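# Observations on the model geometry
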Amino acid sequence: ILGGDLSVETGSALLPAALDAWLRARGARLSHVVQFRSMLRAPGHRSLLVAVKAVDGAWPLVGHAAFAPPMRPAAATRGFGLVTESIVAQRLGLKPGAIVHLGAAGFTYRGLISEEPDRIASPGILGGRVLIATAALPATKLIVPGALVDFTLRAAFPAGTNVPKVERALHAAFPGQGWRIRDAAHAAPEVQRFLDRTSIFMTLVGLTALLVGGIGVANGVQAWLQGRARSIATLRCLGASARLIAGSYAVQLLALCSLGILAGLAAGAVLPLVAASLLKNVLPVPPVEGIYWAPLGLAALFGLLTAASFALWPLARAARIPGAALFRDAVLPASIRPTPPLLAVQAALVAALVALTVAAAPEPRFALWFCAGAAATLLVFRLGAAALVGIARALPRPTLAWAQLGVGNLHRPRSGVALMLVSVGLGLTTLAAVALIEGNIRHEIGQQMPGEAPSFFFIDIQTAELQPFLGLLHRQTGVQSIAYAPNLRARVVAVNGVPAAQVHATADTRWALRGDRGLTYAATPPPGTKLVAGSWWPAAYAGPPLVSFDAHLAQGWGVKLGGTITVNVLGRDIVLRVASLRRIAWQSLSLNYAMIASPGLLSGAPHTTIATVRVAPPDQGAVLRAVSDALPNVTGIRVADVLQAVAALLSQLGAAVAGLGGLALAAGALVLTGAVAAGQQRRVGEAVILKTLGATRAQIRAAWLVEFGIVGAAAGLIAAAIGTAGAFVVVRYVFFAPWHFQPAILAATVAGSVALMLLFGFAGTEAALRAKAAPRLRNE
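The structure reproduced in this document is the subject of the present report. The model shown is predicted, which means the values in this text are computed figures rather than measured ones.

Rules and cut-offs
Residues numbered from 1 in each chain as written. Predicted model: local features only at pLDDT ≥ 70, side-chain atom pairs only at ≥ 80, totals over all residues. Heavy atoms only, no water. Buried < 20%, exposed > 50% of the residue type's maximum accessible area, 1.4 Å probe, protein only. Helix = DSSP H or I, 4+ residues; strand = E, 2+ residues; numbered from the N terminus. Pairing = 2+ DSSP bridges. Core = buried A, V, L, I, M, F, W, Y, C linked by side-chain atoms within 4.5 Å. Contact = heavy atoms within 4.5 Å.

Right, let's get into the pairing of strand β17 (residues 564-569). Along a regular strand, successive side chains alternate from one face of the sheet to the other. Taken across its six residues, β17 has six buried, putting it largely inside the fold. The two faces of β17 match: Thr 564, Thr 566 and Asn 568 on one face and Ile 565, Val 567 and Val 569 on the other face are all buried. Alignment of strand β12 (residues 479-495) against β17, held across four bridges, turns out to be antiparallel. Counted as the bridge partner of Val 495 is Ile 565 from β17. When β17 meets strand β18 (residues 572-582), the two strands line up antiparallel, connected through six bridges. Opposite Val 567, over in β18, you have Ile 574 as the bridge partner.

It is worth spelling out the nonpolar core at this point. Grouped burial of nonpolar side chains is what soluble globular proteins tend to show. Core analysis: the biggest nonpolar cluster contains 36 residues, and Phe 381, Val 417, Leu 421, Leu 426, Val 711 and Met 757 have the highest contact counts within it. Contributions of two or more residues to this core are made by α6 (189-226), α12 (364-394), α14 (417-452), α18 (639-678), α20 (697-733) and α21 (743-769). If you tally residues by element for this core, the top one is α14, at eight residues. Excluding anything up to four places from it in sequence, Val 417 contacts Ala 385, Leu 388, Val 389, Leu 410 and Val 711. Listed in part, the 34 residues of the second largest apolar core include Ala 453, Ile 459, Phe 469 and Leu 624.

Bridge count for β12 against strand β20 (residues 608-615) is eight bridges, and the pairing is antiparallel. For Ala 485, the partnering residue across the bridge sits in β20 and is Ile 610. In terms of strand pairing, β12 meets strand β13 (residues 498-499) through two bridges, oriented antiparallel. In the sheet register, Val 495 faces β13, and the bridge partner there is Val 498.

Shown next as structure tokens:
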């Protein structure tokens, strides 16, 4: 992934030759890689934004690069050779031998990149990959001071080298350079963070499904014990103690739960192997197939704790009911208060389950919040069930007999309202929250941003080209507005004198301390500037460097007015004192900078210019071609293409997330099936009595569907409310995006809940109505 054992990156300038000599003295093999974005121009005035990767003859140090037609990496890029990803060749219609242009240099297209070992270390969605030789870079005239370029040196050491020790020595030998140094253990931290968060989400979705399944365990145990009520009552009448009954049935339950856990472990071991074989050619890193015993053991422990936590209560209840009471428990439920030892054991099991959840999660604090949220959600559904029962009891009796029966079923003894609400509600809550989060992000990207965003970003405009660039745009039709700003590359090296690596930044602002950041300067506040603290410097200010800083980053870093931010620009550390704080609307995609410095010192540093241009849609292609033809080193980024790529990525993520959220709903459906099945004998008895008293099948069916429909509507409304609250928190305080109400998603949640409940209710009703009355009455 990294391309070697050690990687040294900088965005400011070429790495010094002394660094090469230092690494070679320790036995390292080296490879230099330069990466940037530019416009690739093909015959016929066709052009495309591409991600250029310039490599030397030693690339790749590790892994294997493959091309079509087959050739060695050195042959693919020899001289002015160029190879591309298939998407680039398709869009430009390239055939081997075609002459294309990057900047001021012409290249011969030689084929496709079919395998690039270190691609994942530099992921991106802006432009397809193009590979050239570093020796050809000077001819392009694209590498100038201030350009958006990443210089990387990869090093591979002999076997047995202590790479962390070498890394520490490297920091000591070249202090204060502002380089980004990574070893193979931290090859792709952004990807690692994504995988960690994906792992957290998958774990929590699994725990949600397990929680719903635990409720199913409680219901299943209760139904299983009800089927053995006469046997338990007989044993109690013959003198069996509660401990003996609890122990004997606990052994049976343990055997049943063990069989279920083993079946789940078998499926969990086999399914990843099947998925890995099917997705082997799709995943960016080939999976290492095998059976991983530690995750299976963890899953088994989760299963045992969940089963024990939810089975203990109904088991203890059945064991402590006196024999005579148990005989009549079906019609008159006995009220059994839990004993202190039972409460202690129950609390210990729940605490162990929470502790395991927190210990197994990559982010324990997040897992702890999930456990608290799960408990609160269960409580809300339980209170919702109690409220529904109370409302049903308080309502005036309907005039229609079937409606009266349906509403009465909601508040009768042993009503299954609470169980059915939780069974459907938890899964629906997960799906509603996921759908609302995705809907808000889509709204922000697909509707709000395009209305506010410019049509193009033009980068790497050199100082001598700024006026020709502006003149060219003013001559084009359809150009509506132009904004531009000087652009420098800067890396934050210290905050208030504390090295960047030691700053205690919040999780949502830590990203700005890594890598290079854009830095500009301005004598007056740019249009749209919203100061929340401090004031702007005078237009003729010529004192020590000042900076207007992003208020959100300042809060996350603990920076206040008068604080200092030290940045490294072109190898030189510059201390910027905070003069003001700004609120930045990043979603507008305007020329927003976290740091705007005062003119003076920075205005004399080599830099380029970035411009945003708004163009009428019919004229966008002509404007981009005109700029690319006249100024080949200027790179134009079409904002619509970026948003489309982001939307496609969100669609893939949304489908995966919705699929995972569907697992919780599927678990709820299975529990609901168990709940319906557990009450099936009671419904059969009711149907027999009602039919004997003259009720028609249509009346009985309508009564039960009223019951299930009301429960489904209540579950949908509660799930929509909780899902909305959860999605609001994530959108506002995790993504820091504006909240948009999505009534269609909430309506679909309620409608889906009602439909699901009616489907199960209809299935249970039809089965009960088919029962013959005579055999049932004779058995009673």
